[in-house]
Amino acid sequence: QVQLVESGGGLVQAGGSLRLSCAASGRTFSSYAMGWFRQAPGKEREIVAAINWSGFSTYYADSVKGRFTISRDNAKNTVYLQMNSLKSEDTAVYYCAAKYVSLSGRYYIRTYEYDHWGQGTQVTVSS
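This write-up is about the structure you can find in this document. This structure is a prediction, so every number in the text was calculated from the model and none was measured.

### Comments concerning the state of the cysteines
The full count for this structure, using the stated rule, is one disulfide. Residue C22 pairs covalently with C96 via a disulfide, S to S 2.1 Å. Because the torsion about its S-S bond is -80°, the bridge between C22 and C96 counts as left-handed. Separated by 74 residues along the polypeptide, C22 in strand 3 (residues 18-26) and C96 in strand 9 (residues 92-100) bring together distant segments of the chain. For C96, a relative accessible area of 0% translates into the label buried.

Here it is as structure tokens:
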């Protein structure tokens, strides 16, 4: 059992940057692989970035590769998404997700693989 709270969203001009945070409480944070997803109106929820329990392995969607960076600080029970060079098409509600892992050191990139979700934070990029 883990609770997730996202923060850091807001309005930014194209080309700008935002840093999203996801604070976790409950079970040991290092026991979870983490992911960031986003959902725009009328569209499916899609993977943005994922990170394994230790932070050693990461994944990025092609649409954000080279612009976004996922990281985690297990001592602070927090995962981050640094978003640079933002585009209008990045506008969406961004969700933090957690999946409990035991033996696996993988990251996960499918929505159905995650059991816990935050409430979401709105990111709006103006052009």
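### So, the environment of V64
Mapped onto the secondary structure, V64 falls in the loop between strand 6 (58-60) and strand 7 (68-73). Counting along the chain gives 15 residues from V64 to A49, while the straight-line C-alpha distance between them is 8.3 Å. The contacts of V64, once residues within four sequence positions are left out, are R38 and V48.

Rules used in this analysis
Throughout, residues of each chain are indexed from 1 in the direction in which the sequence is written. Predicted model: local features are reported for residues with pLDDT of at least 70 only, side-chain atom pairs are reported and counted for 80 or more only, and whole-chain, interface and lining totals are derived from all residues. Processing note: side-chain calculations cover all non-hydrogen atoms of the structure and skip hydrogens and water entirely. Cysteine sulfur atoms are paired as a disulfide whenever they come within 2.5 Å of each other. Elements are defined by DSSP. Helices are runs of H or I of four residues or more, strands are runs of E of two residues or more, and each kind is numbered from the N terminus. A 1.4 Å probe rolled over the protein chains alone gives each residue an accessible area, and that area as a share of the maximum for its type sets the label: buried under 20%, exposed over 50%, partly exposed in between. Residue contacts are counted whenever heavy atoms from the two residues lie within 4.5 Å of one another.

Just distances and angles here, no functional claims.
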